[in-house]
Each structure stands twice: as structure tokens, then as C-alpha cells.
Amino acid sequence: MKHFQTTLVALLFSSTVFAQNDRDQPYRTQNFSGNINTVRVQTSGGSITVEGGQGSGAKVEMFVRANNWNDKLDKAEIEDRLKDYEVTIATEGNTVVASAKRVRDQNDWKRSLSISFKVYSPKAVTTDLKTSGGSIHIAHLNGQQNFSTSGGSLHLTDVEGTVKGRTSGGSITAEDCRKNIELTTSGGSITARNSSGDLRLRTSGGSIKLDDLKGQIEARTSGGSITAENINGTLNTGTSGGSIRLRDIAGSIRAETSGGGIEADITQLGEYVRLSTSAGSVRVRMPMNKGMNLDLSGNRVSTGSLSKFDGSMERDRVKGQLNGGGIPVQISANSGSVYLNQN
């Protein structure tokens, strides 16, 4: 087994080259050869980055800073504080392992450090990443990715495969991602763009912004607004605390909110349209040349004239078949009005 494990003695007397305490330079760098297919990283006080692209082997960079970034530490002070930590940078078979764990003076926060890792790996790797005090960045990877943080944001760029990421205290940004993506946050907003596949996005405390997505998209929040543009496929979205704005939607759509209005611009119908709000109005523009089963309800329903319509039209309810019936279109506004193709 190839390995390089850093404990107190190894840390102070390793032949590895150490850099000065520069915010932009790694404190230590370690290279590994061989067929690397897995990356496992864990730290309690810093960020994690994994970037694919190397043909084989891997490189691990370790960054060390004071937990209070305003504190400037010289090399001697860093080495003294690192005596409280067990740091490992190693390979176990085809797995790169990087970890930092505080084992002494855990209650003395003034001596705590932010220890971050950046790993350069082949593109096709599996990752297992955990930090309780920083953000996670992954880019240019194919495979199975599993990562979590309790105190930072998640950033994904050009990631393909089965992806599961969680954060309890930050935002999520995903761009150029493909296949099966599941991302969850309890304390921030979500932005997803230029991605495709089975996308599942959830937040309990922020807004959601979707742009240029294709596939099966589920995006839900309990505490913010939702905006979506240029969506092709199936969109299932909802919020308990904000408005919903949808533009250039092609496909099946379900959107619901308890705390705002809905505006939807549907360019191509899919298998169904289901829009509902408990605290606002719904304004929809969509093509009317398909067979539909209309069910529209609100304090007031305004559709203009409907040709080839068979059903009932009342002030607060329109229900019946359009063009012989077909696609279910259900739009409701419990405390507002419904406007269909009205300026």
C-alpha cells in the first residue's frame, strides 16, 4: 500500500515541500501515481475541492489557515497548532485519502485551524467528501459522487453520473451537470443551469433559480420564490413562501405555491398542466391548438373567447373540453384570479 500519513512527527519532519503561509498557495502538496478511481476526503474546519482531468494518478494540495481568516500565522505558529491535529494524506489501493481531525485541545477555539484540501484526479472517479466547516466544489467528474457539509455551500460544474449532495448551511450551484442529480440544503438558495437528466433539488430556506434544463426536474422550497426559464421535459416545482415565475416551458408542468402568485409562459404542452396558488393570482400564456380538458377556478376566471369549447363558463369557473378534450389543464387560485392568454 502506497501511503503518506501525517502525524505530529511526520508533519514536522516530512521531506514534502512546505509553502509559506500564503492564502493562495498550498501549505503542502503530495503526488500519487497509479490508477486512482476513488477519492475520500474529510475535514472538520475547511473546504474540499475535487477537480477531474488528470489522465492517471492524483495530486493533493493541503491549505492551512487560522479559523479566523484575519489572523496571519507564520510557519512556526501553524506547525505548533497542527500538533492538535491528526492529518492523513495517503493512498489505500486505488483510493486517495485526505483527512484532518482535531484530536487535542478541542475546546480551545483560539488555536483552531481551517484545513482545506484540493484534489486533482482522473475524470472517472467516485468521491466520498465530508466537511462540517466549509464549502465543497466538484468539477469535471464522471461517476458516483457523494458529499455533505454542515457549514458551507455546494458548487458543481461539469459533473455526470449519480450525484448526491447535502448542506445544512449554504447555497447550491450546479452547472453543466448530467444524469442523476440530487441536491439538498436546509439554509440557502439553489441555482441550476444548463443541465439535464433526473434533477431533484430541495431547500428549506431559500429561493430556486432554474435555467436551460432538460429532463425530469423536481425543485421545491419552503422559504422562497421560484424562477424557471427554458425548461424542456417535466417540471414539478413548489414553494410555501414565495411566487413562481416560469418562462419558455416545453413539456408537462406542475407548480404550486401557498405564498404568492404564478406567472407561466408555456411554449409547448406536454402530458398535463397543473398550477395552483393559495395566496395570489395565476397568469398563463400557452398554445390552445391541442385537445384539452380544462378545469379553471378562482375568484375570477378570464379566458377570452374559446372556440371549439364544450362545457360550462362561469365568472369563477371554467370547466369542459377544448378541441374535443385530451390534455388535463387544471389551474386554480383560491384567493386570486386566473388569467389565460390575457394581456
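Residues numbered from 1 in each chain as written. Predicted model: local features only at pLDDT ≥ 70, side-chain atom pairs only at ≥ 80, totals over all residues. Heavy atoms only, no water.

Details of the overall build of the protein
Stage number 1. Counting its secondary structure elements, the protein contains 2 helices and 23 strands.
Stage number 2. By the compact-globule yardstick of 20 Å for 343 residues, the protein is too spread out, its C-alpha radius of gyration being 26 Å.
Stage number 3. For the protein, the spread of C-alpha atoms along the three principal axes comes to 85 × 40 × 25 Å.
Stage number 4. Summed over all atoms, the accessible surface of the protein reaches about 15500 Å², with 40% contributed by carbon and sulfur.
Stage number 5. If the 40 positive side-chain charges of the protein are averaged to one point and the 34 negative ones to another, these points end up 2 Å apart. (Helix = DSSP H or I, 4+ residues; strand = E, 2+ residues; numbered from the N terminus. Rg over C-alpha atoms; globule rule 2.2 N^0.38 Å. Areas by Shrake-Rupley, 256 points an atom, 1.4 Å probe, with all protein chains shown as cover. Lys, Arg positive; Asp, Glu negative; His and termini not counted. Charge placed at Lys NZ, Arg CZ, Asp CG, Glu CD.)

Points about the environment of Arg 202
Stage number 1. Summarising the element assignment, Arg 202 is placed in strand 14 (residues 190-203).
Stage number 2. With near-sequence residues (within four places) excluded, Arg 202 lies in contact with Leu 183, Thr 184, Thr 185, Ile 190, Glu 218 and Arg 220.
Stage number 3. Of the polar contacts made by the side chain of Arg 202, one reaches the side chain of Glu 218; its length is 2.4 Å. (Contact = heavy atoms within 4.5 Å. Polar contact = N/O pair within 3.5 Å; in protein donor to acceptor, adjacent residues only side chain to side chain.)

Some thoughts on the packing of aromatic side chains
Stage number 1. Applying the stated criterion across every chain, the model contains 0 aromatic pairs.
Stage number 2. The cationic tip of Lys 59 hangs over the ring face of Tyr 120; the distance from NZ or CZ to the ring centre is 4.8 Å.
Stage number 3. Sitting over the ring of Tyr 339, Arg 283 keeps its end group 4.1 Å from the ring centre. (Phe/Tyr/Trp six-rings, centres within 6.5 Å; stacked < 30°, edge-to-face > 60°. Lys NZ or Arg CZ within 6 Å of the ring centre and 35° of its normal.)

So, the nonpolar core
Stage number 1. Judged by nonpolar contacts, the single largest core of 81 residues is most densely connected at Phe 117, Leu 156, Leu 210 and Leu 275.
Stage number 2. Apart from the residues within four sequence positions on either side, Leu 210 is in contact with Ala 192, Leu 201, Ile 217, Ala 219, Thr 227, Ala 228, Glu 229, Ile 231 and Leu 235. (Core = buried A, V, L, I, M, F, W, Y, C linked by side-chain atoms within 4.5 Å. Buried < 20%, exposed > 50% of the residue type's maximum accessible area, 1.4 Å probe, protein only.)

Remarks on the pattern of salt bridges
Oppositely charged side chains can form a pair if their charged atoms are brought close together.
Stage number 1. Summed over all chains, the structure comprises 19 salt bridges.
Stage number 2. With a closest N to O distance of 3.3 Å, Asp 158 and Lys 123 form a salt bridge. Of this pair, Asp 158 sits in strand 11 (residues 154-167) while Lys 123 sits in the loop between strand 8 (113-122) and strand 9 (126-131), placing them 35 residues apart in sequence.
Stage number 3. Since its relative accessible area comes to 19%, Asp 158 is described here as buried.
Stage number 4. A residue is classified by how much of its surface remains accessible, and Lys 123, at 32% relative accessible area, is partly exposed.
Stage number 5. Among the ionic contacts, a cluster of salt bridges with common partners joins Asp 80, Lys 83, Asp 84, Arg 102 and Arg 111. (Salt bridge = Lys/Arg side-chain N within 4 Å of Asp/Glu carboxyl O.)

Points about the pairing of strand 22 (residues 317-322)
Stage number 1. Across 6 bridges, the pairing between strand 20 (residues 292-302) and strand 22 is antiparallel. Residue pairing for strand 22: Leu 296 is matched across the bridge by Val 318.
Stage number 2. As paired elements, strand 21 (residues 309-313) and strand 22 share 5 bridges and run antiparallel to each other. Among the inter-strand pairings, Asp 310 is bridged to a residue of strand 22, identified as Gln 321. (Pairing = 2+ DSSP bridges.)

Description of the pairing of strand 11
Along any regular strand the residues' side chains alternate between the sheet's two faces.
Stage number 1. The pairing of strand 10 (residues 136-149) with strand 11 spans 13 bridges and is parallel. By the bridge assignment, Gly 143 is partnered in strand 11 with Gly 161.
Stage number 2. Where strand 11 and strand 12 (residues 172-175) come together, 4 bridges link them in parallel fashion. Residue His 155 lies in a different strand from strand 12, and its bridge partner there is Thr 173.
Stage number 3. As paired elements, strand 11 and strand 13 (residues 178-185) share 8 bridges and run parallel to each other. Residue pairing across strands places Val 163 opposite Ile 181, the latter belonging to strand 13.

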